[in-house]
Amino acid sequence: MLRLSSMGFLVLTTIQFILGMLGNGFIGWVNGSSWFKSKRISLHDFVITNLAVSRIVLLWILLIDGILLVFFPKLHDEGIIMQIIDVFWTFTNHLNIWLTTCLSVFYCLKVASFSHPMFLWLKWRVSRVVVWMLLSTLLLSCCSAISLIREFKIYSVLGGIDRTGNMTELFRKKEKEYKLIHVLGTLWDLPPLVISLISYFLLILSLGRHMRQMHQDCASSRDLSTEAHRRAIRVILSFLFLFLLYYLSFYVLTSSYFLPATKMIAKIGEVIAMLYLAGHSYVLILGNSKLKQMFVAMLRCEPGCLKPGSKGSVYP
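Analysis parameters
Residues numbered from 1 in each chain as written. Predicted model: local features only at pLDDT ≥ 70, side-chain atom pairs only at ≥ 80, totals over all residues. Heavy atoms only, no water. UniProt positions renumbered as here; feature names shortened; annotations may be inferred. Helix = DSSP H or I, 4+ residues; strand = E, 2+ residues; numbered from the N terminus. Salt bridge = Lys/Arg side-chain N within 4 Å of Asp/Glu carboxyl O. Buried < 20%, exposed > 50% of the residue type's maximum accessible area, 1.4 Å probe, protein only. Axes fitted to C-alpha atoms, helices over the stretch in contact; angles between N-to-C directions. Parallel < 35°, antiparallel > 145°, perpendicular 65-115°, else oblique. Contact = heavy atoms within 4.5 Å. Nonpolar A, V, L, I, M, F, W, Y, C, P; charged D, E, K, R; others polar. Patch = residues over 30% accessible without salt bridge, like charges linked within 9 Å, V, L, I, M, F, W, Y side chains within 5 Å. Areas by Shrake-Rupley, 256 points an atom, 1.4 Å probe, with all protein chains shown as cover. Phe/Tyr/Trp six-rings, centres within 6.5 Å; stacked < 30°, edge-to-face > 60°. Lys NZ or Arg CZ within 6 Å of the ring centre and 35° of its normal.

Per an unreviewed UniProt entry, the protein chain goes by Taste receptor type 2 and derives from Bison bison bison. We quote the UniProt Function (unreviewed entry) comment for the protein chain here in full: "Gustducin-coupled receptor implicated in the perception of bitter compounds in the oral cavity and the gastrointestinal tract. Signals through PLCB2 and the calcium-regulated cation channel TRPM5." Of the protein chain, the UniProt comment under Subcellular location (unreviewed entry) reads exactly: "Membrane".

> What is the right way to look at the UniProt feature "transmembrane region" (unreviewed entry) in the protein chain in this model?
Under the local residue numbering, the UniProt record ascribes the feature "transmembrane region" (unreviewed entry) to residues 6-30, 51-72, 97-122, 129-149, 193-211, 232-253 and 265-285. Segment residues 97-122 splits into 81% helix and 0% strand. End C-alpha atoms: 21 Å apart.

> What exactly am I supposed to notice about the pattern of salt bridges here?
Side-chain pairing between opposite charges can occur once the charged atoms of the two side chains come close. Applying the stated criterion across every chain, the model contains one salt bridge. Among the salt bridges present, the one from lysine 290 reaches aspartate 45, with a minimum N-O distance of 3.0 Å. Residue lysine 290 is located in helix α11 (residues 289-299), and its partner aspartate 45 is located in helix α2 (residues 43-71); the two are separated by 245 residues in the primary sequence. The same class applies to lysine 290 and to aspartate 45, which are both buried.

> Where do I start with the packing of helix α4 (residues 80-111) against helix α5 (residues 117-124) in this structure?
The description of two helices packed together rests on the angle between their axes and the distance between the axes. Here α4 crosses α5 at 110°, and the two axes come no closer than 9 Å. On the basis of their axis angle, the class for α4 and α5 is roughly perpendicular. For the pair α4 and α5, the contacting residues are Cys108, Leu109, Lys110 and Val111 in the first and Phe119, Leu122 and Lys123 in the second. Across the contact of α4 with α5, the residue classes tally to five nonpolar, no polar and two charged.

> How should a nonpolar patch on the surface be read in this particular structure?
A grouping of Val11, Ile15, Ile18, Leu19 and Leu22 is seen on the molecular surface, where their side chains present a nonpolar patch of about 440 Å² in accessible area. Along the chain, leucine 19 turns up in helix α1 (residues 4-38).

> I tried to follow unusual backbone geometry on my own but got confused; where do I start?
Of all residues except glycine, most have a negative phi; of all peptide bonds, most are trans. Non-glycine residue lysine 39 carries a positive phi angle of around 65°. Along the chain, lysine 39 turns up in the loop between α1 and α2.

> Mind showing me how you'd approach the packing of aromatic side chains here?
The way to describe two aromatic rings as a pair is by their centre distance and the angle between their planes. Overall, the coordinates contain eleven aromatic pairs when judged by the stated rule. With a centroid separation of 6.2 Å and 65° between ring planes, the pair formed by phenylalanine 106 and tyrosine 107 is classed as edge-to-face. Like tyrosine 107, phenylalanine 106 is buried. Centroid distance phenylalanine 243 to tyrosine 247: 5.0 Å. Interplanar angle 90°. Geometry classified as edge-to-face. Of this pair, phenylalanine 243 and tyrosine 247 both sit in helix α9 (residues 219-255), four residues apart, which is roughly one turn of the helix. For the residue pair phenylalanine 243 and tyrosine 247, the accessibility class agrees, reading buried in each case. Among the aromatic side chains, those forming a connected cluster through ring pairs are Tyr200, Phe239, Phe243, Tyr246, Tyr247 and Tyr276. A cation over an aromatic ring shows up here: lysine 39 above the ring of phenylalanine 36, its NZ or CZ 4.7 Å from the ring centre.

Laid out in structure tokens, this is it:
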């Protein structure tokens with residue numbers, strides 16, 4: 001018989017999983033079908049498509065982890081399956097975070113306006129900057145996963161020896177080392193957090209300054225432009241809130257090895273993580289005119305609502 005907390009956890013994760021799959025699947029479907037038909041894709045659409053795919057994988061990983069946590073707690077704590085999930089989670093999570101950072105840098109360089117020579121140099125080379133960031137993203141994600149795989153192999157071998165009754169202390173020591181490396185691996189995610197915060201701070205600063213300048217213009221154009229800028233700032237702030245919430249969730253998840261009430265903390269962390277993975281997909285949809293138009297048309301069951309070719313906003 002499941003406890004009330006476990007039932008609530010399963011209901012929340014299932015709802016968020018479905019919403020996240022629908023939101024991210026929609027983004028991947030629209031951009032993927034457009035890419036397939038036109039044989040080309042913009043850099044912005046390429047980044048958010050890969051971001052959506054990485055989040056779909058993360059949602060599946062979190063769902064499987066949640067099921068193991070509730071129905072197979074021993075396998076969740078000690079099984080080889082859990083270590084394999086850890087490796088996939090580490091790789092996909094790093095990929096997701098760095099792709100999100102690439103997106104924030106793209107928006108900042110594309111939309112913000114500053115006269116500093118360094119900013120202008122980056123702005124003129126925005127495509128090259130983002131492409132190099134994408135390549136670095138793949139490399140860093142692979143490195144983080146490989147470092148965990150190495151410890152996982154030692155941990156697995158000692159686990160097999162431990163089941164024969166030998167080397168118990170060495171096994172426990174390696175188990176603690178494996179978990180500690182898993183926690184310290186979250187430090188890889190501090191640079192993208194700092195870059196994202198700087199990018200969105202500059203973007204909000206630029207939009208706010210532009211809004212103040214528009215007060216000198218005529219009232220009609222000012223009202224329309226001001227509303228558009230306010231909407232963009234609201235979207236950015238919504239994203240930042242979800243992004244920081246996600247950082248909190250996976251720090252809680254990775255630190256839960258060394259905290260009391262591990263299972264309850266892990267459940268809370270997974271619910272928050274899924275909230276971000278599902279919620280930000282709809283922030284992207286509502287903040288992009290192409291995706292928003294097709295999403296609304298799909299909800300209204302309008303024929304031909306997913307025709308590719310229209311251009312959307314560059315706001316997140």
